[in-house]
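# Structure assessment
Residues per chain, in single letters:
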Amino acid sequence: MATSPGSFQIETVDHTGITVTSLHDALAFWVDVLGFKHLYTRRFPNDPFIENVVGVPGAALTLAMVEAAGHSIELLEYHAPDNRTVMRPRSCDCGSVHVGLCVDDLDALLERIAESGWHPIGSPQTVEEGERAGLRLAYVRGPDGVTLEFLQADERAR
């Protein structure tokens, strides 16, 4: 591959960050319900470093990193500034993001997460044709408006 000035290559994906209203509640869901491993928690008081990283004057936050299946999720609870808002975008709204997670039993997962305040946006669907035929999937949304997609492979493909 030829290189030119300003060329680059993505080497790996490090993590996915999700801002939450309560780190305590988020950790209860990601660790206790989904089974992610809690790697660490770190507090960042307001200072020029954190303001410049996140682009928010007055920012202060605590983050927790969790990991499962080779992917890390960074959960961020901001303590400042005071004018934060909770966004609950629809899947079709620009800027809406979701994380897709593969599971072995979609029905069992949906039953378990319902107890944690997470609910399917619609009913689970099965892909009828193409390279993903037989795949079952469901979008779910949590109390903070975060959307996750859970996917279960066709049993015949396992």
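Residues numbered from 1 in each chain as written. Predicted model: local features only at pLDDT ≥ 70, side-chain atom pairs only at ≥ 80, totals over all residues. Heavy atoms only, no water.

### Regarding the overall build of the chain
Stated precisely, the cut-off is as follows: Secondary structure counts use DSSP, requiring at least four H or I residues in a row for a helix and at least two E residues in a row for a strand, with both numbered from the N terminus. A 1.4 Å probe rolled over the protein chains alone gives each residue an accessible area, and that area as a share of the maximum for its type sets the label: buried under 20%, exposed over 50%, partly exposed in between. Whether two residues are in contact is decided by their heavy atoms, any of which lying within 4.5 Å being enough. For the accessible areas, the method is Shrake-Rupley and the probe is 1.4 Å, while residue cover comes only from the protein chains on display. Charged residues are defined here as Lys and Arg on the positive side and Asp and Glu on the negative side; His and the ends of the chain fall outside this count. Here the site of a charge means NZ on Lys, CZ on Arg, CG on Asp, or CD on Glu.
When helices and strands are tallied, the chain shows three helices and nine strands. Secondary structure elements in the chain, listed N-terminal to C-terminal, are β-α-β-α-β-β-β-α-β-β-β-β. Each of the three principal axes of the chain carries a C-alpha extent, and together these read 55 × 50 × 30 Å. Counting across all 158 residues of the chain, residues that qualify as buried make up 34%. The contacts of the chain with a sequence gap of at least 6 include a subset with a gap of at least 24, amounting to 53%. Roughly 10400 Å² of accessible area belongs to the chain as shown, and the carbon and sulfur atoms make up 52% of that amount. Here the chain contributes 12 positive and 23 negative side-chain charges, whose respective centroids are spaced 2 Å apart.

### A few points about the nonpolar core
In plain terms, the rule: As used in this record, nonpolar core signifies buried Ala, Val, Leu, Ile, Met, Phe, Trp, Tyr and Cys residues forming a set joined through side-chain atoms within 4.5 Å.
The biggest cluster of nonpolar side chains holds 27 residues, and the ones touching the most others in it are Trp 30, Leu 34, Leu 75, Ile 113, Leu 148 and Phe 150. Broken down by secondary-structure element, the contributors of at least two residues to this core are α1 (23-33), β3 (60-68), β4 (71-80), β5 (98-102), α3 (106-114), β8 (136-141) and β9 (147-152). The element that contributes the greatest number of residues to this core is α1, accounting for six residues. In terms of nonpolar packing, the next biggest core, distinct from the first, is built from seven residues, Leu 61, Leu 63, Leu 76 and Tyr 78 among them.

### Quick word on the sheet that holds strand β2 (residues 37-44)
What counts is decided by this rule: Strands are treated as partners if at least two bridges between them are detected by DSSP. An axis is simply a line fitted to the C-alpha atoms; with a helix, the fit covers only the stretch in contact. Between two such axes, the angle follows the N-to-C directions and lies from 0 to 180 degrees.
Strand order in the open sheet made by the four strands is β1-β4-β3-β2, with mixed pairing throughout. Where the open sheet ends on each side, the last strands, each with one partner, are β1 (15-19) and β2. The sheet shows a mean angle of 20° between the axes of neighbouring strands, direction not considered. Bridge count between β1 and β4: five bridges; the pairing is parallel. Note on β4: the bridge partner recorded for Thr 19 is Leu 76. Contacts from α1 reach β1, β2, β3 and β4, with the element oriented near 5° to β3.

### Brief notes about the pattern of salt bridges
Where we set the bar: Salt bridges are counted wherever a side-chain nitrogen of Lys or Arg sits within 4 Å of a carboxyl oxygen of Asp or Glu.
Under the counting rule described, the total for this entry stands at two salt bridges. A salt bridge links Arg 90 to Asp 93, with the shortest nitrogen-to-oxygen separation between them at 2.8 Å. Between Arg 136 and Asp 107 there is a salt bridge, with the nearest N and O atoms lying 3.1 Å from each other. With Arg 136 in strand β8 and Asp 107 in helix α3, this residue pair connects regions lying 29 residues apart in the sequence.

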